[in-house]
Amino acid sequence: MKLSLRGSAKSTLVSAFIALLMIAWGLHFILNEGVHLKEVNDALGAADRQWLYLGAALGLVYAWLHGKMYQMSFRALGIRVRAENMARLFLKRNLFSVFLPAGFLSSQALFTGETARLERIRERDVAIASGIFSASALLSMIVVVAPALGWLLAQQVLPGSAILAFLSVSILFSLLLLCLMNFVRRGKVFHWCSRYFPALTSRMQEMDWLHFETRYFIQAILYSCLVELVGILHVFISIKALGIEPTWGMAVAGYMAVLVVLMTSPFLRGMGAVEAMLSMVLIRLGVPAIEALTAAILFRFFEFWLILVLTAPVFLFRPGSLLLRVSPSILLFVLGVINILSGLTPSLHGRMQTLRNYLPLSAIHASVALTIVIGFFLLITAFYLFQGWRSAWYVAIGLSAVSLLSHLAKGFDYEESTLALLVMGSLLYQRNQYCVKADFRIGRRRWLPALTVVATVWLLGAAGFYGLDHRHFGQDFTWNASIRYAILTFLLQQPEELHPLTHFGAEFLNTMYLLGGITLLYAAFTLFRPLFPQFENTDRARETAISMVQQFGRSSLDYFKTYSDKQYFFSQNAQSFVSYKNTRRYALVLEDPVAANEKDMVESITEFDRYCHRNGLRSIYYRIPEASAAMYRQMGKSLLPLGQEAVVNLTQFSMDGKDRKAMRNTIHKMEREGFVFRVHDAPLDGRILQQLRAVSDAWLRMLHRSELNFSQGVFDENELKNQTVLTMEDGDGKILAFINLIPGACSSEANFDMMRRVEEAPHGTMDFMFVNMFLYLQAKGFDTCNLGLVPMSGLQRTSSLPENLIKMAYERIPRFAAYKSLRYFKEKFDPVWETKYVAFDSQMDMVNLPAALAQVLRS
């Protein structure tokens, strides 16, 4: 290990030294040519904007083509992946390649696991596809560059040493490709590797070369060739933007020079050397020194700095991230503020003069008023959009589109219009996140009163203006003018010709504004009111669910999946069902679907997610077992640990030994004091149920809480009378504590629901109950006993901010001290701990989970 670390350190130092030499060479070239940075800056300022925009657009194409290269590399292995995810993979790897030695090749090992989880494929497949990507990129360089080398050599544009370096690299890569082909065909190279590198041979043989599709590999090479053509175009555009007429030979020669540096640069992607080499070639071809260096800087911006800038949102706005989810709401709110401010400030004089040639002044003034009103509605819409309401999404799209046009019409404010276009783009990109539907059924009963209120305010306003005395505004209002002014003041606009002359006139105008604002708020609330779907089960549905649990059940929570508070969703093949409860915006699923196998489980989850989206709900899967975690990750869901569940091995449980001495003493003391452990088999009579009710009510009063359900039961006499109940009673037969055993899907595992006691029960009551319960279950032939979940516990190693927050809250916040006490109590019985998770689609779901869970537990 020491030797490898030392060798790695030396390699990094050498790479860094060469990179510094390249930067120094670039600086030396600039100084030697006598170029001043101020002159370069002036040349950049004078560059043609249209060509710059075209170069930037090609930069986006550059990133997209690399994504297609990755996509075709995977298709060569028979794997379908999404091009947008592959473009993100390129951008992230490209960023790290700047700082890694041999960055292009070494970066191909990064983000392998993340890509595998996102696309639900094996990490090995990602690694192989990355190798195909690298091979296609290098092959395309040879395909594109080879025809140009002869011309460059004849024109003596590049120094002979640079061409020799490129030829050497090309020959070396060709030899490596021939060796790989010989290896696949099990030729001499294969036998030589088997002898000296058996581990490498074994790994290479794992690759499924029989299913390699050459046509997609060729497509990857073609996309890579297009990348090289984009590079040539970038050189051409960089020169053209400076007012110089370039030739295609000039662009090809410049790009060949860039490739020579990139292929021989070990670090920092040839920073300094690329600029110097490209400038040198352009100067030899007749471009002035200042313009040559400026063109090199522009080229570097298009193919290097712009791509790095594009990487920032890829990291910040990851699919499913909280920032990506709330960004449309934030942008919409910002657009609303800008609309209002822009409407209240005068437009630029030059733009207004141009605009008056196309639009009448009245239309421009109307656009100003419309912009301010839209800004007001945008602020309201942003709030509802944050809640995920579908109707708000539609309104936001419409308002943004109108806002774009109104900004152009009021003063040709293309900056604000660009922001509106950006908002529309973010809304369209995140359209699947807004699924809470508007309540059209209830809305019919609410919109009529809302429309009545709006009409009443307008009519009252019109009547008020018509009846005003001449002295208040200096004019007599006709009905047409009264209706017009009533509408404008309702929309919070003040006509230029309307000026109050008296105190009453000013108060009347303010009252109209106030009524208009209140009415607009009421109308907005009515428009955005969401649909909260409620679904009812039938007795037949519950009977079917119970039958499936008996047939396919394997979890300790299966009993609660058929509880009376649950809803059921059955798959199309009728071989599985999902047990859930819905809140206003979420459907919380209790653990895994009940299914015969994992395939049916995946189909059930997929169908249920679609069902939720159609009904305006988002699905969250609560208390997922560790064994199912990989399945949910492969389906693209995020997981967050909830805590750990304790299971006692009854076959090994014993009260013997020093560790149990204190517990034995406690139990013997309670037995001497006359306390008795009793088993009450079903059916329970009314007297026992009455005592159990008294204990349950006393326990709830002692903890100052109400019943919680969903993943646990409540005190229901109809359920309880058919279950076995374990009690601790005093000498008079009064029940002081009880535990009810519930049916389990697994015949070898016992499970219980409620464990409750009265406040006056002696210390050690629960130890007494649990030990006697374990002994009773042992006698009944059970192998294990499930003690239930301890929330927030067991997080020893954390890998994300939410996990760190959960761990910190569990360890340091007094409010959660009860969980630590519960963990300590269950640890007495030496259980096996299993982590439980919650599965969700986006980080916004994680933010809303506590509120949704609290509502479900108490409903």
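Definitions and cut-offs
- Residues numbered from 1 in each chain as written.
- Predicted model: local features only at pLDDT ≥ 70, side-chain atom pairs only at ≥ 80, totals over all residues.
- Heavy atoms only, no water.
- Helix = DSSP H or I, 4+ residues; strand = E, 2+ residues; numbered from the N terminus.
- Buried < 20%, exposed > 50% of the residue type's maximum accessible area, 1.4 Å probe, protein only.
- Areas by Shrake-Rupley, 256 points an atom, 1.4 Å probe, with all protein chains shown as cover.
- Expected span 1.5 Å × (residues − 1).
- pLDDT = per-residue confidence, 0-100.
- Axes fitted to C-alpha atoms, helices over the stretch in contact; angles between N-to-C directions.
- Parallel < 35°, antiparallel > 145°, perpendicular 65-115°, else oblique.
- Left-handed = near helix turned anticlockwise from the far one by under 90°.
- Contact = heavy atoms within 4.5 Å.
- Nonpolar A, V, L, I, M, F, W, Y, C, P; charged D, E, K, R; others polar.
- Pairing = 2+ DSSP bridges.
- Phe/Tyr/Trp six-rings, centres within 6.5 Å; stacked < 30°, edge-to-face > 60°.
- Core = buried A, V, L, I, M, F, W, Y, C linked by side-chain atoms within 4.5 Å.
- Salt bridge = Lys/Arg side-chain N within 4 Å of Asp/Glu carboxyl O.
- Patch = residues over 30% accessible without salt bridge, like charges linked within 9 Å, V, L, I, M, F, W, Y side chains within 5 Å.
- Polar contact = N/O pair within 3.5 Å; in protein donor to acceptor, adjacent residues only side chain to side chain.

J.: What is the right way to look at the overall build of the protein in this model?
T.: Scanning the protein from N- to C-terminus turns up 34 helices and 12 strands. A buried classification covers 50% of the 859 residues belonging to the protein. Surface accessibility of the protein: about 42900 Å² in total, with carbon and sulfur atoms responsible for 61%.

J.: I would appreciate a short explanation of helix α13 (residues 273-284) in the present structure.
T.: Side chains of residues three or four places apart in an α-helix project in the same direction, reflecting 3.6 residues per turn. Taking 1.5 Å of rise per residue, 12 residues should cover 16 Å, and α13 covers 16 Å from first to last C-alpha, within 8% of that figure. α13 sits mainly inside the fold: 10 of its 12 residues count as buried. Phi for G286, located one or two positions after α13, is positive at around 105°.

J.: What exactly am I supposed to notice about the confidence of the model for the protein here?
T.: Predicted coordinates in areas of low pLDDT are best not read in detail. Per-residue confidence for the protein averages 78 on the pLDDT scale, and 79% of its residues sit at or above 70. Predicted confidence in the protein is weakest over helix α1 (residues 2-33), with a mean pLDDT of 43, and strongest over strand β8 (residues 724-729), with 94.

J.: Teacher, can you tell me more about the packing of helix α18 (residues 390-411) against helix α19 (residues 414-429) here?
T.: Contact geometry for α18 and α19: axes closest at 8 Å, N-to-C directions at 160°. If you check the angle between α18 and α19, you find them roughly antiparallel. Viewed along their axes, α18 and α19 form a crossing whose handedness is left-handed. Side by side, α18 and α19 meet where W393, A396, I397, S400, A401, S403, L404, H407 and L408 of the first sit next to Y414, E416, S417, A420, L421, V423, M424, L427 and L428 of the second. Residue composition of the contact of α18 with α19, by class: 13 nonpolar, four polar and one charged.

J.: Sorry, what's going on with unusual backbone geometry here?
T.: Most peptide bonds take the trans configuration, and most residues that are not glycine carry a negative phi. The omega torsion across A682 and P683 is 0°, close enough to zero to call that bond cis. In this model, R623 sits at a positive phi of 65°, which is unusual for a non-glycine residue. Judged by relative accessible area, R623 falls into the buried class, the value being 7%.

J.: Just checking my understanding: could you explain the pairing of β8 for this structure?
T.: Sheet faces and side chains relate simply in a regular strand, where the side chains alternate between the two faces. For β8, the buried fraction is high: six of the six residues fall into the buried class. Sheet analysis places strand β7 (residues 676-680) next to β8, joined by five bridges and oriented antiparallel. Paired with R678 across the strands is T727, a residue of β8. The turn linking β8 back onto strand β9 (residues 735-742) is made up of five residues, and G733 within it adopts a positive phi angle of 85°.

J.: Please explain α18 as it appears in this structure.
T.: The end-to-end C-alpha distance of α18, which contains 22 residues, comes to 32 Å, matching closely the 32 Å that a straight helix rising 1.5 Å per residue would cover. Directly beyond the C-terminal end of α18, a positive phi value near 50° is found at F412.

J.: For this particular structure, what's the right way to read the packing of aromatic side chains?
T.: Two aromatic rings, taken as a pair, are described by how far apart their centres are and by the angle between their planes. Under the definition given, this model contains 28 aromatic pairs. Where Y580 meets F608, the ring centres are 5.0 Å apart and the plane angle is 55°; that geometry is what we call tilted. Separated by 28 residues along the polypeptide, Y580 in strand β2 (residues 576-582) and F608 in helix α26 (residues 598-614) bring together distant segments of the chain. Of the residues examined, Y580 reaches a relative accessible area of 1% and is grouped as buried.

J.: Explain the nonpolar core to me, please; I cannot follow it from the model alone.
T.: Note on soluble globular proteins: their nonpolar side chains tend to be buried together. Among the nonpolar cores identified, the biggest contains 72 residues, and F74 and L282 are the most heavily contacted of them. Where this core is concerned, the elements lending two or more residues are α3 (49-75), α4 (83-97), α7 (123-155), α11 (214-240), α12 (248-264), α13 and α14 (289-316). Here this core gets 13 residues from one element, more than from any other, and that element is α11. Setting aside its immediate chain neighbours within four residues, F74 contacts I79, V81, M86, I121, D125, V126 and A129.

J.: Can you walk me through the pattern of salt bridges in this structure?
T.: Here the idea is simple: oppositely charged side chains can pair when their charged atoms come close. Inspection of every chain in the model, using the stated rule, returns 19 salt bridges. Ionic pairing is found between E245 and K240, a salt bridge with its closest N-O pair at 2.5 Å. A residue is classified by how much of its surface remains accessible, and E245, at 61% relative accessible area, is exposed. The partner of K561 in a salt bridge is D558, and the shortest N-O contact between them spans 2.9 Å. Here the residue K561 and the residue D558 both occupy positions in helix α25 (residues 558-561), the gap between them amounting to three residues, near one helical turn. You'll find K561 and D558 in the same group, each marked buried. What you see here is one network of salt bridges that share partners, running through D558, K561 and E591.

J.: What is the right way to look at the packing of helix α28 (residues 661-672) against helix α31 (residues 765-779) in this model?
T.: Packed helices, taken two at a time, are described by their axes: the angle between them and the distance between them. Closest axis-to-axis distance for the α28/α31 pair is 9 Å, and the angle between their directions is 100°. Between α28 and α31, the angle is such that the two are roughly perpendicular. Along its contact with α28, which presents M663, I667, M670 and E671, the element α31 presents T765, D767, F768 and V771. In terms of residue class, the contact of α28 with α31 is built from five nonpolar, one polar and two charged.

J.: Explain the environment of G350 here, please?
T.: Along the chain, G350 falls in helix α16 (residues 349-355). Spatially, the C-alpha atom of G350 lies 9.9 Å from that of F412, the residues being 62 residues apart in sequence.

J.: In this structure, what is going on with the environment of G636? I would like to understand it.
T.: Within the secondary structure, G636 is located in the loop between α27 (629-634) and β6 (638-649). Here the alpha-carbon distance between G636 and R120, two residues 516 residues apart in the chain, equals 7.2 Å.

J.: Before we go on, may I ask you to explain a nonpolar patch on the surface in this structure?
T.: Taken together, the side chains of W458, Y466, W479, I483 and I487 define a hydrophobic patch exposed on the protein surface, amounting to about 480 Å² of accessible area. Take the nonpolar patch: its biggest share by element is three residues, from helix α22 (residues 479-490). Summarising the element assignment, W479 is placed in helix α22. In this structure W479 comes out as partly exposed when scored by relative accessible area, which is 46%.

J.: Mind showing me how you'd approach the side chain of K826 here?
T.: With respect to the helices, strands and loops of the structure, K826 is situated in helix α33 (residues 817-827). Of note is the side chain of K826, whose polar atom sits 3.5 Å from the backbone oxygen of G788. Setting aside residues up to four positions removed in sequence, K826 forms contacts with A646, L787, G788, L789, V790, P831 and W833.

J.: Please clarify how the side chain of Q723 should be interpreted in this entry.
T.: Residue position: Q723 is located in the loop between α30 (717-720) and β8. Given the relative accessible area of 6%, Q723 is considered buried. At a separation of 2.7 Å, a polar atom in the side chain of Q723 contacts the side chain of Y559. If near-sequence neighbours (up to four positions away) are discounted, Q723 is found in contact with Y559, H680, A682, L684, N740, L741 and I742.

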